[in-house]
Amino acid sequence: MVSAAIVFQQTSCIIPQAILLYRGRDRVLPERQFSLGKLGVAINATAVAWVIFLDILYCFPTALPVTPQNMSFVSVVSVGL
């Protein structure tokens, strides 16, 4: 349950950053006093890649050999939702 909570929280926080990358920061964000400029795209891309990596990592089993008792069911729950 803890792994599922971490995966879902990380993924929900990264969705706005992924939208900024997909649609373009200038088209989505309003004028603002503080802007990261070209660094903003790199920071958003790094954050999205890092969360995708961690989401995959949290789906790994906790021990080897994998049995139904020690299997990580986070991927099953994620696909189910």
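Residues numbered from 1 in each chain as written. Predicted model: local features only at pLDDT ≥ 70, side-chain atom pairs only at ≥ 80, totals over all residues. Heavy atoms only, no water.

Student: Which parts of the structure should I look at to understand the overall build of the protein?
Tutor: Scanning the protein from N- to C-terminus turns up four helices and zero strands. Sequence-ordered secondary structure for the protein, helices as α and strands as β, is α-α-α-α. In terms of overall size, the protein is more extended than a compact globule, its C-alpha atoms giving a radius of gyration of 17 Å where 81 residues would be expected to give roughly 12 Å. When its C-alpha atoms are laid out on the principal axes, the protein stretches across 55 × 20 × 20 Å. Here the protein holds 81 residues, and 19% of them are scored as buried. (Helix = DSSP H or I, 4+ residues; strand = E, 2+ residues; numbered from the N terminus. Rg over C-alpha atoms; globule rule 2.2 N^0.38 Å. Buried < 20%, exposed > 50% of the residue type's maximum accessible area, 1.4 Å probe, protein only.)

Student: For this particular structure, what's the right way to read helix α1 (residues 2-23)?
Tutor: An α-helix turns once per 3.6 residues; consequently, residues spaced three or four apart project the same way. Its 22 residues give α1 an end-to-end C-alpha distance of 32 Å, which sits within 8% of 32 Å, the value for a rise of 1.5 Å per residue. Taken residue by residue, α1 has Ala4, Val7, Gln10, Ile14 and Leu20 as its buried positions. Looking at the buried residues of α1, the elements they touch are α2 (25-28), α3 (38-58) and α4 (74-80). A positive phi of about 100° marks Gly24, the residue just after α1. (Expected span 1.5 Å × (residues − 1). Contact = heavy atoms within 4.5 Å.)

Student: How should α3 be read in this particular structure?
Tutor: With 21 residues, α3 should cover 30 Å at 1.5 Å per step; its first-to-last C-alpha distance of 31 Å lies within 8% of that length. Every buried residue of α3 is accounted for by Gly40, Asn44, Val48, Val51, Leu54 and Asp55. Viewed end-on, α3 has its buried residues packed into an arc of 135°, placing them on one side of the element. Set apart from the buried face of α3 by more than 90 degrees, the exposed residues are Lys38, Leu39, Thr46, Trp50 and Ile56. Buried residues along α3 sit in contact with α1 and α2. (Arc of directions from axis to C-beta.)

Student: What's the story with the packing of aromatic side chains in this structure? I'm lost.
Tutor: Inspection of every chain in the model, using the stated rule, returns one aromatic pair. Ring geometry for Trp50 versus Phe53: centroids 5.5 Å apart, planes at 35°, classification tilted. Note that Trp50 and Phe53 are positioned in helix α3 at a spacing of three residues, about one turn of the helix. Taking the relative accessible area as the measure of exposure, Phe53 reaches 43% and is therefore partly exposed. (Phe/Tyr/Trp six-rings, centres within 6.5 Å; stacked < 30°, edge-to-face > 60°.)

Student: Before we go on, may I ask you to explain the side chain of Asn44 in this structure?
Tutor: Its place among the elements puts Asn44 in helix α3. You can call Asn44 buried: its relative accessible area is 7%. Ignoring any residue separated from it by four or fewer positions in sequence, one finds Asn44 in contact with Gln17, Leu20, Leu21 and Arg25.

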